[in-house]
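# Structure assessment
Below, each chain spelled out in residue letters.
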Number of protein chains: 4
Amino acid sequence: MSQTPPVFSRDRLIRFSDCDPAGIVFYPQYFVMFNGLVEDWFNEGLGLGYQRTVIERRIGLPTVRLEADFKAVSAMGDWVTLSLEVERLGGSSLTLQLRCVGREDASLRMTMRQVIVTTSLDTHRAMEIPADMRAAISRQGPQR
Amino acid sequence: MSQTPPVFSRDRLIRFSDCDPAGIVFYPQYFVMFNGLVEDWFNEGLGLGYQRTVIERRIGLPTVRLEADFKAVSAMGDWVTLSLEVERLGGSSLTLQLRCVGREDASLRMTMRQVIVTTSLDTHRAMEIPADMRAAISRQGPQR
Amino acid sequence: MSQTPPVFSRDRLIRFSDCDPAGIVFYPQYFVMFNGLVEDWFNEGLGLGYQRTVIERRIGLPTVRLEADFKAVSAMGDWVTLSLEVERLGGSSLTLQLRCVGREDASLRMTMRQVIVTTSLDTHRAMEIPADMRAAISRQGPQR
Amino acid sequence: MSQTPPVFSRDRLIRFSDCDPAGIVFYPQYFVMFNGLVEDWFNEGLGLGYQRTVIERRIGLPTVRLEADFKAVSAMGDWVTLSLEVERLGGSSLTLQLRCVGREDASLRMTMRQVIVTTSLDTHRAMEIPADMRAAISRQGPQR
């Protein structure tokens, strides 16, 4: 009985401020957009609160590894769908699959695998994923 | 018979990527946010299309003057309301009053007067505000 | 016997990442550049250390007011000179005059008056300019 | 007779505007810094001119793939050395190895492999690396 893993997604307009002199997304801006998606996921998908996690609980979520493939350009004025799927939930790390797809043409613009670790913002050292965070992520459904 | 001038506004979350090491909005980021508000106004308020205006019609909307007052800080996780009001519609210039207010506490965070001119993106010289743009802005209601 | 007030300046290349789809500096980026100039001034001009001031001493330097005039565009690949002059040194505020000038053509691109206050980063409230900071700024020469 | 492949490098200060609320480099900013390094390499290392390449010759240099490992944090006020080495020069692609190392402590902060393709900015399609660009890159010395 197979099940599609749950995906968290948000639509976003490609803005003037996202674009470079070629009129297309300046590629570091994709990572800013995906950081916003993870923020929305913590706020609206997991119910953990991104601000609460980072500022109040002082849990850092630094990226330790990423691999990104840029397949097609996104231009100013495009609406894209950003999506996120949990690939692996480790002891103190989380591997995400992220995608940016054109909302109108369904073309894949960019895809990324990102490994995030949970750290203490006081020591900048890795720490176990807190139990409530692990539960919230697991509740999202079966992971492959 | 006085009338309140119409205001275009959008709510926005203050994100991790908007903030500086003090945990509050890095002030140049307010101008990025307001640029996004003007974009939304062109798209949704005026129906002119920001991308159509800038890319297809090659009309530039550079800022020639701005005055900004920063009244209170906005912190990561805050929801703010960004609003825009036309103060003056000139021959080739547009003066806007922009405000950022905390959505929960209604406190004024930042206010700005911005003078934008319409230019040709081919020559970077000022040009008359096109008739359809003038009409769309005027339809928004009485200007002071 | 008049004296020219001392000016702190740095040259800077207008980079791809500073520019927008029109191929010119996206205006909020001027404020990022000027923030860097103030940083260099604290490090190299005043000898106070920007990082030491903000992180170790937890002194905030928020902008409370700015007025900017954009006179001519700066394009990708241009070298510009950014300069800074102290207009007024108050009890807990500092008024700066900042300019961006093309290095080749000496044309004025942008000018800004910026009022900065010194705050405690713990309370976000204004505080007196510390004595060593006042002395360092005063040593820079006569202020108008 | 082995030879060390030539490396192009530049030192850079980690600025306030590079950092996030945790006081460390916001990771997308590494890509902005490396974009600046490639710019300097085109201008000063290869003598091709980045602005000339992108704006005048309308040659795009989009990233099609990147892999990045974040090893240690960089904090505001750190001086880092950014370096670049050509790993492979293909028909229409260029693979770079990029590194960010602390200048004081020599600790590796971040490393990235980046595949760039040359495209026409008119069609956004891949094109052969122009002969003068290939010659300039090859003159840099033997590639592994």
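Structure: see above.
Basis of the calculations
- Residues take numbers from 1 onward in each chain, read along the sequence in its written order.
- Both sets of labels track the order of writing: A upward for chains, 1 upward for ligands.
- Residues qualify for local features only when their pLDDT is at least 70, as the model is predicted, and side-chain atom pairs are given and counted only at 80 or more; totals for whole chains, interfaces and linings, by contrast, use all residues.
- Heavy atoms throughout the structure, all of them, feed into the side-chain values; hydrogens and water do not.
- By definition in these notes, contact holds between two residues if any of their heavy atoms fall within 4.5 Å.
- By buried area we mean the combined loss of accessible area, with a 1.4 Å probe, across both parts when two parts are placed together.
- For this document, the term salt bridge refers to a Lys or Arg side-chain nitrogen within 4 Å of an Asp or Glu carboxyl oxygen.
- Think of a polar contact as two N or O atoms within 3.5 Å of one another; within protein, one of them needs to be a possible hydrogen donor and the other a possible acceptor, and neighboring residues in sequence only count if both atoms come from side chains.
- Helix numbering and strand numbering both begin at the N terminus, where a helix is a DSSP run of H or I of at least 4 residues and a strand a DSSP run of E of at least 2.
- We call a set of buried Ala, Val, Leu, Ile, Met, Phe, Trp, Tyr and Cys residues a nonpolar core when their side-chain atoms join them within 4.5 Å.
- For every residue, the accessible area obtained with a 1.4 Å probe (protein chains only) is divided by the maximum for its type, and the residue is called buried under 20%, exposed over 50%, and partly exposed between those limits.
- We superpose the copies by least squares over the C-alpha atoms of residues that have a pLDDT of at least 70 in both of them.

### Things to note about the interface of chain B and chain C
At the interface, 23 residues of chain B touch 23 residues of chain C. For the pairing of chain B and chain C, the buried interface totals around 2000 Å² over both sides, and the portion due to carbon and sulfur atoms is 62%. For chain B, the biggest contributors to the area lost against chain C are B:Tyr27, B:Leu66 and B:Phe70; these three give 26% of the whole. Seen at the junction of chain B and chain C, the total is four salt bridges. When the shortest N-O distance is used, the salt bridge between C:Arg65 and B:Asp69 registers 2.8 Å. Across the contact surface, chain B and chain C share eight residue pairs in polar contact (both at pLDDT 80 or more).

### A word on the pattern of salt bridges
Should the charged atoms of two oppositely charged side chains come close, the side chains can pair. Tallying each qualifying case throughout the model produces 60 salt bridges over all chains. Of the charged contacts in the structure, one is a salt bridge between B:Asp132 and B:Arg57, with a shortest N-O distance of 2.9 Å. Placement of the pair is B:Asp132 in helix H3 (residues 131–139) and B:Arg57 in the loop between helix H2 (50–56) and strand S2 (59–60), with a sequence separation of 75 residues. Linked by salt bridges that have partners in common, A:Arg65, A:Glu67, A:Asp69, A:Glu87, A:Arg113, D:Arg65, D:Glu67, D:Asp69, D:Glu87 and D:Arg113 make up one network.

### A closer look at the nonpolar core
In this structure, A:Phe31, A:Trp41, B:Phe31, C:Phe31 and D:Phe31 are the most contacted members of the largest nonpolar core, which totals 167 residues. Excluding anything up to four places from it in sequence, D:Phe31 contacts A:Tyr27, A:Pro28, A:Phe31, A:Leu66, D:Leu66, D:Ala68, D:Phe70, D:Met110 and D:Met112.

### What about the relation of the copies chain B and chain C?
When chain B is fitted onto chain C, the two copies agree to an RMSD of 0.0 Å after a turn of 180° and an axial shift of 0.0 Å. What we have between these two chains is a two-fold relation. Distance from the rotation axis, computed per C-alpha, reaches its smallest value in chain B at B:Glu67: 2.2 Å. Looking at chain B, 100% of its interface residues are interface residues in chain C too, so the copies touch through the same face.

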